[in-house]
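# Working through the structure, step by step
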There are 2 protein chains.
Amino acid sequence: MEQLAMCPKFESAFQLLGKRWNGLIIRVLLYGPVRFRDISANIPNMSDKMLVDRLKQLEDIGVVKRNVYPETPVRIEYELTDKGRALEPALDEIQAWAEAWVEGPTPQTAEK
Amino acid sequence: MEQLAMCPKFESAFQLLGKRWNGLIIRVLLYGPVRFRDISANIPNMSDKMLVDRLKQLEDIGVVKRNVYPETPVRIEYELTDKGRALEPALDEIQAWAEAWVEGPTPQTAEK
């Protein structure tokens, strides 16, 4: 059997996506620049403290960028970088697999 | 902004793939039925105890099946189910992203 040297890049990509909430946060950000409270509202089971941590880590690895608009009050939005946006095909495949193979209800997205 | 009710299926797919080592184990099994020690040999940083746990969990959710051949000694192989094999496109996309965006060396696979 071909001896597959586990690609460290593949491992670290998995660790990024595998870290709880990261996949969902990136999914929300694929909709475009979003404010903190809108990300939080879309992932109700996650604490704000956790979201602060995750956004900081995603910024550190260049997947997310933080835009500060000097308005009154200051407006802060989070946005995917090109590196972050490039995860969309992987997330789409995971979504497709989940819909085909994971049991359980699929909630309808609600228009706001 | 469209209020995106986080799809529980998407969340549970992420939790599956996100659990440390699962992605790598599935990657190895995509090469075909494999014995325990060959999986273990391909993911050197993971303990055998961890591999036993993960394989049991992957079996419980129907991603992996365990084939026992009544030979002497008994031969046991692990194999992806259809559900497990259907993860290949997602893993390929993650691999492609990792190679394009994650810094660091890419080891060559070695012919045995």
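Residues numbered from 1 in each chain as written. Chains lettered and ligands numbered in written order. Predicted model: local features only at pLDDT ≥ 70, side-chain atom pairs only at ≥ 80, totals over all residues. Heavy atoms only, no water.

Moving on, we get to the overall build of chain A. Check the secondary structure of chain A and you find six helices and three strands. What you see in chain A, going N to C, is helices and strands ordered as α-α-β-α-α-β-β-α-α. Per-residue burial for chain A yields a buried fraction of 44% across its 112 residues. Taking the contacts inside chain A whose residues are at least 6 apart along the sequence as the reference set, 47% of them involve residues at least 24 apart. Roughly 5,900 Å² of accessible area belongs to chain A as shown, and the carbon and sulfur atoms make up 51% of that amount. (Helix = DSSP H or I, 4+ residues; strand = E, 2+ residues; numbered from the N terminus. Buried < 20%, exposed > 50% of the residue type's maximum accessible area, 1.4 Å probe, protein only. Contact = heavy atoms within 4.5 Å. Areas by Shrake-Rupley, 256 points an atom, 1.4 Å probe, with all protein chains shown as cover.)

All right, on to the pattern of salt bridges then. Residue and element names in this part refer to chain A. Applying the stated criterion to the full structure yields 10 salt bridges over all chains. When the shortest N-O distance is used, the salt bridge between Glu71 and Arg75 registers 2.9 Å. On the basis of relative accessible area, Arg75 is assigned to the partly exposed category, the value being 23%. Look at the salt bridges and you will find they share partners, linking Glu71, Arg75 and Glu77 into a network. (Salt bridge = Lys/Arg side-chain N within 4 Å of Asp/Glu carboxyl O.)

Residue and element names in this part refer to chain A. Throughout the structure, instances matching the rule amount to two aromatic pairs over all chains. Taking 4.9 Å as the distance between ring centres and 70 degrees as the angle between the ring planes, the aromatic pair formed by Phe10 and Phe14 counts as edge-to-face. Separated by four residues within a single helix, Phe10 and Phe14 lie in helix H1 (residues 8–18), roughly one turn from each other. Per residue, the accessibility class of Phe10 equals that of Phe14, and both read buried. Sitting over the face of the ring of Tyr69, Arg75 holds its NZ or CZ atom 4.2 Å from the ring centroid. (Phe/Tyr/Trp six-rings, centres within 6.5 Å; stacked < 30°, edge-to-face > 60°. Lys NZ or Arg CZ within 6 Å of the ring centre and 35° of its normal.)

The next thing to look at is helix H2 (residues 22–29) of chain A. Of all eight residues making up H2(A), eight are buried, and the element is well covered by its neighbours. Burial in H2(A) covers these residues: A:Asn22, A:Gly23, A:Leu24, A:Ile25, A:Ile26, A:Arg27, A:Val28 and A:Leu29.

For the rest of this paragraph, the subject is the pairing of strand E3 (residues 75–80) of chain A. Side-chain positions along a regular strand alternate between the two faces of the sheet. Residues and elements named next belong to chain A. Bridge count for strand E1 (residues 34–35) against E3 is two bridges, and the pairing is antiparallel. The residue of E3 that forms the bridge with Val34 is Tyr78. When strand E2 (residues 64–69) meets E3, the two strands line up antiparallel, connected through six bridges. Paired with Val68 across the two strands is Ile76, which belongs to E3. From the end of E2 to the start of E3, which pair antiparallel, there are five residues. (Pairing = 2+ DSSP bridges.)

Before going further, it helps to examine the confidence of the model for chain A. The predicted structure's coordinates, where accompanied by low pLDDT, should not be read in detail. All names here are of chain A. Considering every residue of chain A, the mean pLDDT works out to 86; 87% of them sit at 70 or more. Element-level mean pLDDT values for chain A span from 81 in H1 up to 97 in helix H5 (residues 82–85). Across residues 108–112, where pLDDT falls below 50, the model places nine contacts with residues more than four positions away in sequence or in other chains. (pLDDT = per-residue confidence, 0-100.)

To continue, consider the packing of H1(A) against helix H2 (residues 22–29) of chain B. Here H1(A) crosses H2(B) at 135 degrees, and the two axes come no closer than 9 Å. On the basis of their axis angle, the class for H1(A) and H2(B) is oblique. Contact with H1(A), carried on its side by A:Phe10, A:Glu11 and A:Phe14, involves B:Gly23, B:Leu24 and B:Arg27 of H2(B) and no other residues of that element. Of the residues in the contact of H1(A) with H2(B), the class split is three nonpolar, one polar and two charged. (Axes fitted to C-alpha atoms, helices over the stretch in contact; angles between N-to-C directions. Parallel < 35°, antiparallel > 145°, perpendicular 65-115°, else oblique. Nonpolar A, V, L, I, M, F, W, Y, C, P; charged D, E, K, R; others polar.)

All right, on to unusual backbone geometry then. Between A:Thr72 and A:Pro73 the backbone carries a cis peptide bond, its omega angle lying at -5 degrees. The residue B:Trp21 is not glycine, and still its phi comes out positive at about 85 degrees. Structurally, the position occupied by B:Trp21 is in the loop between helix H1 (8–18) and H2.

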